[in-house]
Each structure stands twice: as structure tokens, then as C-alpha cells.
Amino acid sequence: MFPGGGQPNMQQLLKQAQKMQQELAKAQQELAEAKVNGTAGGGLVEATVTGSGELVALNIAPAAVDPEDTETLADLILAAVRDASQAAQKLQAERMGPLTQGMGGGIPGLPF
């Protein structure tokens, strides 16, 4: 229902939609530029991802490299990337959540 039983003001609705679109674009840009880290093995492996989830760096301490045990190194890398991805998801929820509340739980095609 609309206040007073009248029709919605289309100009006002369009303005609100444009403002929301601008705020979402700004938040997405901020997420793309933000970086979060994840670690494994007490810091032997560190992964850096953007707030939108793109892996941008991977640091491996020499102590983590054992030619006889590449399986453990692979596990450490996976754990560090997962840790960083979880941090990125948390950042997404913090930044995008307030913008998407009241929109049925999210916008199709966006990862939140």
C-alpha cells in the first residue's frame, strides 16, 4: 500500500533506484580493491584475495617446501586460500548486506 492510497511517485522511485545502483557499484568497486589475507601452517603459507574473492598473491615460506612431501604443501596452500576466501565473504557480507536488505535476500547474479 502507498501512503494516502495514491499511486507511487515514479520519479521518486527512479531516483531511489538510481541511488541504490550507485551505492551498489561503489561497494562492489571497494570490494574489488580491498585485500584480505588467509594463512595456514602458522604463517608458512599466506594467501591474499580481493574482497570480491580473486586470488592475487600467494606467499610460501621456504620452510614449507619439502620436495619429499608436496602433498602437505598443497594442503597448506588450499587451507590458506580457503581462509582468505572466508575473510572475503565476511567482508562482502559487511559491505553489501546493508545495501541488499529488504531486497528479498540479495540480487541474482551477485555473490551475496
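Residues numbered from 1 in each chain as written. Predicted model: local features only at pLDDT ≥ 70, side-chain atom pairs only at ≥ 80, totals over all residues. Heavy atoms only, no water.

**Student:** Lay out the overall build of the protein chain with the relevant residues and their values.
**Tutor:** If you tally the helices and strands in the protein chain, you get 2 helices and 3 strands. Counting from the amino terminus, the protein chain carries its helices and strands in the arrangement α-β-β-β-α. Considering the protein chain as a whole, with its 112 residues, one finds that 22% of them fall into the buried category. The contacts in the protein chain between residues at least 6 apart in sequence include a share of 48% that link residues at least 24 apart. Taken as a whole, the protein chain presents about 7,800 Å² of accessible surface, with 53% of it coming from carbon and sulfur. (Helix = DSSP H or I, 4+ residues; strand = E, 2+ residues; numbered from the N terminus. Buried < 20%, exposed > 50% of the residue type's maximum accessible area, 1.4 Å probe, protein only. Contact = heavy atoms within 4.5 Å. Areas by Shrake-Rupley, 256 points an atom, 1.4 Å probe, with all protein chains shown as cover.)

**Student:** Could you give me a rundown of the confidence of the model for the protein chain, with the residues and numbers involved?
**Tutor:** Residue-level pLDDT values for the protein chain average 83, and 80% of them are 70 or greater. Within the protein chain, the lowest mean pLDDT, 83, falls on helix α1 (residues 10–33), and the highest, 95, falls on strand β3 (residues 55–60). (pLDDT = per-residue confidence, 0-100.)

**Student:** Kindly report on the environment of K90, identifying the contributing residues and their values.
**Tutor:** Following the sequence through the fold, K90 ends up in helix α2 (residues 70–100). The class for K90 is exposed, based on a relative accessible area of 56%.

**Student:** Describe the pairing of β3, with residues and values.
**Tutor:** Of the strand pairs in this sheet, strand β2 (residues 45–50) and β3 are connected by 5 bridges, and their pairing is antiparallel. Residue pairing for β3: A47 is matched across the bridge by L58. Linking β2 back to β3 in an antiparallel pair, the connection comprises 4 residues, with G53 at a positive phi of about 100°. (Pairing = 2+ DSSP bridges.)

**Student:** Quick one: what's the story with the pattern of salt bridges, residue by residue and with numbers?
**Tutor:** Evaluated as defined, the whole model comprises 1 salt bridge. Here E23 makes a salt bridge to K19, at a shortest N to O gap of 3.9 Å. Of this pair, E23 and K19 both sit in helix α1, 4 residues apart, roughly one helical turn. (Salt bridge = Lys/Arg side-chain N within 4 Å of Asp/Glu carboxyl O.)

**Student:** Requested: an account of the UniProt feature "coiled-coil region" (unreviewed entry) in the protein chain, with residues and values cited.
**Tutor:** UniProt annotation of "coiled-coil region" (unreviewed entry) refers to residues 10–37 when read in the numbering used here. The span residues 10–37 is 86% helix and 11% strand, and its two end C-alpha atoms sit 44 Å from each other. (UniProt positions renumbered as here; feature names shortened; annotations may be inferred.)

**Student:** So, the pairing of strand β1 (residues 35–40): which residues are in play, and what are the values?
**Tutor:** Side chains of β1 alternate between two faces, with V36, G38 and A40 buried and K35, N37 and T39 left unburied. Where β1 meets β2, 6 bridges bridge the pair, whose relative direction is antiparallel. Each bridged residue has a counterpart across the sheet, and for V36 the counterpart in β2 is V49. As consecutive antiparallel partners, β1 and β2 are separated by 4 residues, and within that stretch G41 has a phi angle of approximately 65°, a positive value.

**Student:** Which residues make up the sheet that holds β2, and what values do they have?
**Tutor:** Judged by pairing direction, the sheet is antiparallel, and its 3 strands sit side by side in the order β1-β2-β3 without closing on themselves. The open sheet terminates on both sides in strands that have one partner only, identified here as β1 and β3. Direction aside, neighbouring strands of the sheet carry axes that sit 15° apart on average. (Axes fitted to C-alpha atoms, helices over the stretch in contact; angles between N-to-C directions.)

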